[in-house]
Amino acid sequence: MTFSHAEWELLSSANEDWYGLWEALASIRSALTDLEESDVMIVTQRALRSLLDKNLIYLCWFRHRDNNEEPLANRDAKALLADPMEAAGFE
């Protein structure tokens, strides 16, 4: 199995209990400093989709108040990555 630089960067945080999507963006922004800001989101989305396809990660909704997670099916996770605001119910 091969991984892109962005995928490796995201996988390096696999030891974290929880890793927010905003943290994934920050991680890619810091690691791939040659990217234009407009490309950071695209590269992050591609890396996350690829890791989802490889079943190496999953996305979930997490509630801090009760320390509970609600895993998303891969199709729902990909919809969230495609349009986070709509998937979260803000549009």
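Residues numbered from 1 in each chain as written. Predicted model: local features only at pLDDT ≥ 70, side-chain atom pairs only at ≥ 80, totals over all residues. Heavy atoms only, no water.

Chemist: Quick question: what am I supposed to make of helix α3 (residues 37–53) here?
Modeler: Along an α-helix, residues three or four apart share an orientation, since each turn contains 3.6 residues. Under the 1.5 Å per step criterion, the end-to-end length of α3 is 25 Å for 17 residues, consistent within 8% with the ideal 24 Å. Inspection of α3 places Val 40, Val 43, Thr 44, Gln 45, Ala 47, Leu 48, Leu 51 and Leu 52 among the buried residues, and these make up the whole buried set. Residues of α3 that are buried make contact with α1 (5–11), α2 (21–31) and α4 (74–82). At the exit of α3 stands Asn 55, carrying a positive phi of roughly 55°. (Helix = DSSP H or I, 4+ residues; strand = E, 2+ residues; numbered from the N terminus. Expected span 1.5 Å × (residues − 1). Buried < 20%, exposed > 50% of the residue type's maximum accessible area, 1.4 Å probe, protein only. Contact = heavy atoms within 4.5 Å.)

Chemist: Got a minute to help me understand the layout of surface pockets in this structure?
Modeler: Sizing a probe to match a water molecule and rolling it over the atoms shows the empty space that remains. By volume, the largest pocket is sized at about 1000 Å³. What lines the largest pocket is a set of 34 residues, and nearest its centre among them are Tyr 19, Gly 20, Leu 21, Leu 59 and Cys 60. Elements with a minimum of two residues in the lining of the largest pocket: α1, α2, α3, β1 (60–63), α4 and α5 (84–87). In terms of residue class, the lining of the largest pocket is built from 26 nonpolar, 5 polar and 3 charged. (1 Å grid on protein atoms, 1.4 Å probe; cavity = no way out; pocket = protein on both sides within 12 Å on 5 of 7 lines; lining within 4 Å. Points joined across faces, edges and corners; volume = space filled by probe spheres on them. Nonpolar A, V, L, I, M, F, W, Y, C, P; charged D, E, K, R; others polar.)

Chemist: Even after reading the chapter, I still don't get the packing of α2 against α3, so can you show me in this structure?
Modeler: Packed helix pairs are specified by the crossing angle of their axes together with the interaxial distance, meaning the distance between the axes. Where α2 contacts α3, the two axes come as close as 9 Å, and the packing angle between them is 115°. Seen along the crossing, α2 lies across α3 with a hand that is right-handed. Counting all contacts with α2, which are made through Leu 21, Ala 24, Leu 25, Ile 28 and Arg 29, the residues of α3 involved are Glu 37, Val 40, Met 41, Val 43, Thr 44 and Leu 48. Taken together, the residues of the contact of α2 with α3 sort by class into 8 nonpolar, 1 polar and 2 charged. (Axes fitted to C-alpha atoms, helices over the stretch in contact; angles between N-to-C directions. Left-handed = near helix turned anticlockwise from the far one by under 90°.)

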